[in-house]
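Letter by letter, the chains look like this.
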Amino acid sequence: MNEPAFTIRPITAPDLERISRVCWDSRDIQLRILAQQDILGFAAWQGDYCIGSLHCYCVTLPAYDDALFPGYGRAKPEGWPLGWPLLAARELGLTFDKPVWGHACFHVGYAGPDAARADPAYFGRGIGTALCENSIAWARAHGYAAVLAQGGAKIVPEYNVWMGCLPWSTYARLGFDSLANEVKGAELPWWMQAKDNLPMQEQARRALADGCSAQDLGTRLMLLRL
C-alpha cells in the first residue's frame, strides 16, 4: 500500500492551533511575525494533520533585528538553526539591498500541536526537501534577495534532527552555495564539546574514527541568491 501523500502550504493565522508548538515563544510572537511577513513559514499536511513545519524569518543584512527570534536563539545563537548563519553572514560582510528569507527550524515528524519529539516514521519521505523547495519558491515570488540557511553534515543525521536543519548537501543540490563552515581549523564543533552525551555525539565519534575530519562535522552557511 502506498503511503498517504502530503501537501505543503504556507503557515497562516488559521493554522496556529494545529502546528507544533515547539520553538515558539508565544502566540503573541507568532502574530507579530505574521503581521511583519504574512506567513510563519511552511507546513506539511496529511489531510488536516500537520506532520512537519519550517519556521522562516524576514531579515536584513548586515544588520538585523532579533526581537522576534525565540528567546533561546537570542541567548545562544549558535544553538538556533538561523543564529549561526546570521553571525557568519555578518562576519563575511554579506550585504543586500532587499530583505533575505531565513530558514530556521525544520520540525519534520512533529505530528500535531502537542508533539514533544519527532516521529522517525516521517523521516526519509522528502518532507524537509519539499518544505524547503516551497519556501524558496515563495521567497522568489515575493521579491527576497536570497535564502539563508544552515546546512548540517549528512554524516551526522542525528545532529540535523536535534538542531532542526537540512543537510548541506540537500541545499547544494537545490542550488545553494556553501560560504562558510562553523569549524575553523581543527577544533570540534561546540556541540561535540558539550557534556550532554547526546546520540549525535556518539554518531560523530564513529565518523571521526572512520576517518572524517573535525571540519567534516561542522555545519555550513548556505546561501541561494534569487
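Rules behind the numbers
Residues numbered from 1 in each chain as written. Predicted model: local features only at pLDDT ≥ 70, side-chain atom pairs only at ≥ 80, totals over all residues. Heavy atoms only, no water. Helix = DSSP H or I, 4+ residues; strand = E, 2+ residues; numbered from the N terminus. Rg over C-alpha atoms; globule rule 2.2 N^0.38 Å. Buried < 20%, exposed > 50% of the residue type's maximum accessible area, 1.4 Å probe, protein only. Contact = heavy atoms within 4.5 Å. Areas by Shrake-Rupley, 256 points an atom, 1.4 Å probe, with all protein chains shown as cover. Lys, Arg positive; Asp, Glu negative; His and termini not counted. Charge placed at Lys NZ, Arg CZ, Asp CG, Glu CD. Phe/Tyr/Trp six-rings, centres within 6.5 Å; stacked < 30°, edge-to-face > 60°. Expected span 1.5 Å × (residues − 1). Arc of directions from axis to C-beta. Pairing = 2+ DSSP bridges. Right-handed = clockwise from strand over helix to strand, strands pointing away.

(A) How the structure looks around the overall build of the protein. For the protein, the count of helices and strands is 9 helices and 8 strands. Taking 2.2 N^0.38 as the reference for a compact globule, 226 residues should give roughly 17 Å; the C-alpha atoms of the protein span a radius of gyration of 17 Å, in line with that estimate. Dimensions of the protein, computed from the C-alpha atoms along their principal axes, are close to 50 × 50 × 30 Å. The proportion of buried residues among the 226 residues of the protein is 51%. Restricting the contact set of the protein to residue pairs at least 6 apart, pairs at least 24 apart contribute 72%. Accessible surface for the protein amounts to roughly 10,500 Å². Of this, 52% is attributable to carbon and sulfur atoms. The centroid of the 20 positive side-chain charges in the protein is displaced by 1 Å from the centroid of its 23 negative side-chain charges.

(B) Looking closely at unusual backbone geometry. L61 connects to P62 through a cis peptide bond whose omega is 15 degrees. Summarising the element assignment, P62 is placed in the loop between β3 (49-59) and α2 (71-75). The phi dihedral of C23 falls on the positive side, at around 80 degrees, and the residue is not glycine. Here C23 lies in the loop between β1 (7-10) and α1 (27-37). Of note, D38 is a non-glycine position whose phi angle comes to about 75 degrees, a positive value. Here D38 shows up in the loop between α1 and β2 (41-46).

(C) Broad picture of the packing of aromatic side chains. Applying the stated criterion to the full structure yields 11 aromatic pairs. On the basis of an interplanar angle of 25 degrees and a centroid distance of 6.1 Å, the ring pair of Y64 and F69 is categorised as stacked. Comparing Y64 with F69, the two get one shared label, buried. Relative to Y144, the ring of W101 has its centre 5.0 Å away and its plane inclined at 55 degrees; by these criteria the two rings are tilted. Note that W101 is positioned in strand β4 (residues 100-106) and Y144 in the loop between α4 (127-141) and β5 (146-152), a separation of 43 residues in sequence. Grouping residues by exposure puts W101 and Y144 together as buried.

(D) Layout of α4. Compared with an ideal rise of 1.5 Å per residue, which puts 15 residues at 21 Å, α4 spans 21 Å between its outermost C-alpha atoms and is within 8% of the ideal. Listed in full, the buried residues belonging to α4 are I127, G128, T129, A130, L131, C132, S135, I136, W138 and A139. Immediately beyond the C-terminal end of α4, within one or two residues, lies G143, with a positive phi of roughly 80 degrees.

(E) Summary view of the environment of L179. Tracing the sequence through the fold places L179 in strand β7 (residues 177-181). The class of L179 is partly exposed, set by a relative accessible area of 35%. Counting along the chain gives 43 residues from L179 to M222, while the straight-line C-alpha distance between them is 6.2 Å. With residues up to four places along the chain from it excluded, the contact list for L179 reads L92, L94, L221 and L223.

(F) Representation of α1 in the model. When we look at burial in α1, the residues that qualify are I29, Q30, I33, L34 and Q37. What you see down the axis of α1 is that its buried residues fit within an arc of 140 degrees, all on one side. Next to the buried residues of α1 lie β3, β4 and α4. At the C-terminal side of α1, D38 shows a positive phi close to 75 degrees.

(G) The arrangement of the pairing of β4 in detail. Counted residue by residue, β4 has 7 buried out of 7 residues, so it is predominantly covered. Summarising the sheet, β4 and β5 pair through 2 bridges and their orientation is parallel. Note on β5: the bridge partner recorded for W101 is V147. This β-α-β element, β4 to α4 to β5, shows right-handed connectivity.

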